[in-house]
Amino acid sequence: MPVASILAGPSGQLVQSYLNNPRLTNIKNIVFIIFIYKLLCFLNTTLLVHGPTRTYKEVKTYLSLIAFKYAKMIPSVKAKLDRELGKAAKDIEDKVAPQDDKHPRYTSLPKLGFTEEEMTKELERKFSSSNPLHPEVFPGTRKMEAEVCAMVLGLFNAPAKAGAVMTSGGTESILMSCKTHRDWAKEIKGVTKPEIIAPITIHAAFDKAASYFGMKLIHVPIDPVTMQVDIKAVKNAINKNTVLIAGSAVNYPHGVMDDIVALGKLAKKYNVGLHVDCCLGSFMVAFAEKAGFKLPPFDFRVPGVTAISCDTHKYGFAPKGSSIIMYHSKEFRRYQYFSMPTWPGGIYASPSIAGSRPGALIAGCWATMMHMGEEGYIRECKHIIGSQVKVRKAIETIPTLYVYGEPKTSVVAFNSSKYNIYDISDHMSKRGWHLSALQTPPGVHFTSTIPSADASDEFIQDLKE
């Protein structure tokens, strides 16, 4: 039925009568007055602080950016920009990353690690005084960083279009992912009040990211038996402001892997991001399959996964201070970058929070990975996860102790049905063992590392006693 016919009928007259109600008119007038008042206050404050000339320039710049944003959507303009940017990128790559026999590229781990002689040959330059903020001055460091990113992307089965950035640790990787998803959702979906949904077991770096970047973090419960995130609770928490859901592979408290496949389905259905936190899982989850341990799907092979964080300074055995944040596409990664083209000191741009970064850590990470090689990581993966399995089985044979969930890699968490678990932890401390204390629910966890794996039999004996 035509709108005019509806408005002409009894129901239409009722609507018009309601809209013309003096009370509603007064409310509309009040709202309009408040809007005008706030706008005038903003303009007045801006003019007082910046002055008319600067205010005019800022408005002009803002309008220019808006115009440029929409101009880029025109196919012919976009095609020309892509061509010019491609040429510029090629010129930069030729300068800072030459490809010839003198500069071989390593985009995947060698099957066998480099010998000391091979490492020395590759590390002829000094990197301790280099600064990756200036890649054109220190191309060797930039090359190593790019190769580390490429190798880690390969380990997590990233698609060809994927991209990664090296950071100072898991916290920075998580912060960057949250910022990236926030900015992506703002530009693509118009979200201005971004929310993250994550289990209560997710790393506290997500709380830090929410605090830093003006986001809301919604914690959802975990299953009390499996210790995995409650998928139904995640689904119920998703709304128009959701920009990111997160899961762990594995989580810090219990060493349990969340159901990443189920989270991926939700991410795809509602068009939100999915971050898989592999900071603790690191190379243990990456090499578990090759080492003979079966894990559920968790990496980029899972539809819906948009970002993965992995700490190379944990089970990559690199020097402390290196981590990788990976994205399913380079186009998505660009939301992480910061640039300031109008700074008087020149164009300033950086890929992560840090400006200047120590080249020595990048070189140390690259050297560690090249020296270990696939064979070395598979060997240590068997050793470390095998030790966790042995310790877990031993704990399960002690009548008063029980294990939380089904730990997958290096961490096993447990509690006591009879004794105060923190008293047990104190007695173990006196014997030289440091067990991380957990809460809600109470417990402690044993972390399998190379040293603790070597001494796992002694640990089991002390715990039994």
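Up top you'll find the structure we're talking about.
This is a predicted model, so every value here is computed, not measured. (Residues numbered from 1 in each chain as written. Predicted model: local features only at pLDDT ≥ 70, side-chain atom pairs only at ≥ 80, totals over all residues. Heavy atoms only, no water.)

**Re unusual backbone geometry**
Here is step 1: The peptide bond linking A249 to V250 adopts the cis configuration, its omega dihedral lying at 10°.
Here is step 2: Looking at the secondary structure, you find V250 in the loop between strand 4 (242-248) and helix 10 (260-270).
Here is step 3: Note that the residue after T440, namely P441, is joined by a cis bond; omega there is 5°.
Here is step 4: Here P441 lies in the loop between strand 12 (436-438) and strand 13 (443-447).
Here is step 5: Here M227, not a glycine, exhibits a phi torsion of approximately 65°, which is positive.
Here is step 6: On the secondary structure map, M227 appears in the loop between strand 3 (216-220) and helix 9 (231-237).
Here is step 7: Here M227 falls in the buried class, since its relative accessible area comes to 2%.
Here is step 8: The phi torsion at N271 lies on the positive side, around 55°, for a residue other than glycine.
Here is step 9: Here N271 lies in the loop between helix 10 and strand 5 (273-278). (Helix = DSSP H or I, 4+ residues; strand = E, 2+ residues; numbered from the N terminus. Buried < 20%, exposed > 50% of the residue type's maximum accessible area, 1.4 Å probe, protein only.)

**Notes on the packing of aromatic side chains**
Aromatic ring pairs: the centre-centre distance and the angle between the two ring planes describe each pair.
Here is step 1: Inspection of the entire model under this criterion finds 17 aromatic pairs.
Here is step 2: Look at F332 and Y335: their rings are 6.2 Å apart centre to centre, the planes differ by 65°, and that puts the pair in the edge-to-face class.
Here is step 3: Plain terms: the ring middles of W343 and Y348 are 6.1 Å apart, the flat faces sit at 90° to each other, and that makes the pair edge-to-face.
Here is step 4: Given a relative accessible area of 44%, W343 falls into the partly exposed group.
Here is step 5: Y348 gets classed as partly exposed once you look at its relative accessible area, which sits at 26%. (Phe/Tyr/Trp six-rings, centres within 6.5 Å; stacked < 30°, edge-to-face > 60°.)

**Details of the environment of L153**
Here is step 1: With respect to the helices and strands, the residue L153 is situated in helix 6 (residues 139-155).
Here is step 2: When neighbours within four sequence positions are excluded, L153 is seen to be in contact with A158, A162, G163, A164 and M326. (Contact = heavy atoms within 4.5 Å.)

Remember, this is a structural readout, not a statement about activity or role.
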